[in-house]
Amino acid sequence: MLDPRSLTVVVTGATSGIGEATVRRFAAAGALVVVMGRRKDRLQALRDELGEHILPVELDVRDAAATEAAFASLPAPFADYNVVFANAGLALGLEPAQQASLSNWDTMVETNINGMLYTVRASLPAMVARKQGHVVLTGSIAGEFPYPGANVYGATKAFVKQFSLNLWADVAGTGVRVTNIEPGLVETEFSMVRFEGDAGRARKVYAGAEPMTGADIAEQVFFACTLPRHVNINRIQAMPSRQTFGNMTVRRD
Ligand code: NDP
Ligand code: 8X3
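**A word on the overall build of the protein**
- Within the protein, the regular secondary structure consists of eight helices and nine strands.
- A globule of 253 residues ought to have a C-alpha radius of gyration of about 18 Å, and the protein, at 18 Å, matches this closely.
- By principal-axis analysis of the C-alpha atoms, the protein measures approximately 65 × 40 × 35 Å.
- Counting every position in the protein, which comprises 253 residues, the buried fraction comes to 39%.
- Contacts spanning at least 24 positions in sequence make up 69% of the contacts within the protein whose residues lie at least 6 apart.

Here it is in structure tokens:
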């Protein structure tokens, strides 16, 4: 296994949920961690709590130039990052396509697809040049299995799935690894965001379901990243033990 103290990890979407838990997992193991997100107060709180191994960088991943600049201006020793966890993302709404908000669709595409691409493109050349790195993406089971109301959200995660495989086809042999993490139900701020702050509706998503936690997913990221460098985990798909596939639906008159 790789010594986690040899890792410098950049995490987008580090201010809550899966990203924050991953920051904590790597920091506890002695890695350096760059924490990226829009909520500056939360980034600073992570730095205050976890110490000088943490570098806060305020970033909206939808801004390509800002993303490029954020990676290009990382100070030593953080500039030598060898793991990039492109995790920032969101779902907005659960309406059927004929009622969904076009602006929500735009935001999901701009964040989950464009933001992820900007993060990878801004960080990949340096890792290839150093012959050492690992791109970890956050896909979703929604990128593989359809469900009503997932329309554009699920499609953005299907993009992540295929992009991760194509990325691996490009970089295999360069020293850079690629892993797509595809979780099912994880209790985070995800549903509060999806339902625009409707806490009751968000709670119902997880009630009685024993959902996974951010820490469960962080453990999977940590596992993939600390395997010996000759091993690449292409994808990890995980669900809570109570979650399974939907049945085929027939809508009868
Ligand atoms: P959270 O809402 O808890 O976290 C989302 C993170 O993304 C926050 O840190 C948020 O930070 C960040 N983010 C959102 N938009 C932007 C942006 N434009 N620029 C920078 N950062 C942004 O949800 P999760 O932890 O659950 O979500 C993390 C990832 O996991 C997402 O990609 C999500 O699609 C995916 N996922 C979640 C599942 C779940 O059931 N929870 C299951 C499968 C996948 P800030 O607002 O501070 O910018
Ligand atoms: C989040 C998982 O099933 O809520 O990507 O879409 S799901």
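**Description of the environment of Ala215**
- For Ala215, the position within the fold is in helix 8 (residues 214–226).
- Sequence separation between Ala215 and Ile18 is 197 residues, and the spatial gap between their C-alpha atoms is 6.9 Å.

**Quick look at the site of ligand 2**
- In the vicinity of ligand 2, the residues found are Ser140, Ile141, Ala142, Ala150, Gly184 and Leu185.
- When its residues are assigned to classes, the shell around ligand 2 shows four nonpolar, two polar and no charged.

**Side note on the sheet that holds strand 1 (residues 8–12)**
- Sheet architecture is open: seven strands sit in the order 3-2-1-4-5-6-9, paired in parallel fashion. Two strands lie at the open edges of the sheet, namely strand 3 (54–58) and strand 9 (235–238), each paired on one side alone. When the angles between neighbouring strand axes are averaged without regard to direction, this sheet yields 15°.
- Pairing geometry for strand 1 and strand 2 (residues 32–37), over five bridges, is parallel. Following the sheet pairing, Thr12 is matched in strand 2 by Met36.
- Relative to the sheet, helix 2 (residues 40–50) contacts strand 2 and strand 3, its axis offset from that of strand 3 by approximately 175°.
- Strands strand 4 (83–86), strand 5 (133–138), strand 6 (176–183) and strand 9 of the sheet are contacted by helix 8, whose axis makes an angle of about 160° with strand 6.

**Notes on the site of ligand 1**
- The local shell around ligand 1 holds 31 residues, among which Gly13, Gly17, Arg38, Gly89 and Thr188 are the closest.
- Elements with a minimum of two residues in the shell around ligand 1: helix 1 (17–28), helix 4 (102–130) and helix 6 (190–194).
- With three residues, the top contributor of residues to the shell around ligand 1 is helix 1.
- Split into classes, the residues belonging to the shell around ligand 1 amount to eleven nonpolar, 15 polar and five charged.

**Description of the packing of helix 4 against helix 5 (residues 151–171)**
- Interhelical geometry of helix 4 versus helix 5 gives an angle of 15° and a closest axis separation of 9 Å. In terms of orientation, helix 4 and helix 5 fall into the roughly parallel class. Along this stretch, helix 4 crosses helix 5, giving a crossing that reads as right-handed. Here helix 4 contributes Trp105, Met108, Val109, Asn112, Ile113, Met116, Val120 and Val128 to the contact with helix 5, which in turn contributes Val152, Tyr153, Thr156, Lys157, Phe159, Val160, Leu167 and Val171.
- Among the residues making up the contact of helix 4 with helix 5, the classes are represented as 13 nonpolar, two polar and one charged.

Analysis parameters
Residues numbered from 1 in each chain as written. Chains lettered and ligands numbered in written order. Predicted model: local features only at pLDDT ≥ 70, side-chain atom pairs only at ≥ 80, totals over all residues. Helix = DSSP H or I, 4+ residues; strand = E, 2+ residues; numbered from the N terminus. Rg over C-alpha atoms; globule rule 2.2 N^0.38 Å. Buried ≥ 20, exposed ≤ 12 C-beta atoms within 10 Å, placed from the backbone. Contact = placed C-beta atoms within 7 Å. Near = placed C-beta within 6 Å. Nonpolar A, V, L, I, M, F, W, Y, C, P; charged D, E, K, R; others polar. Pairing = 2+ DSSP bridges. Axes fitted to C-alpha atoms, helices over the stretch in contact; angles between N-to-C directions. Parallel < 35°, antiparallel > 145°, perpendicular 65-115°, else oblique. Left-handed = near helix turned anticlockwise from the far one by under 90°.

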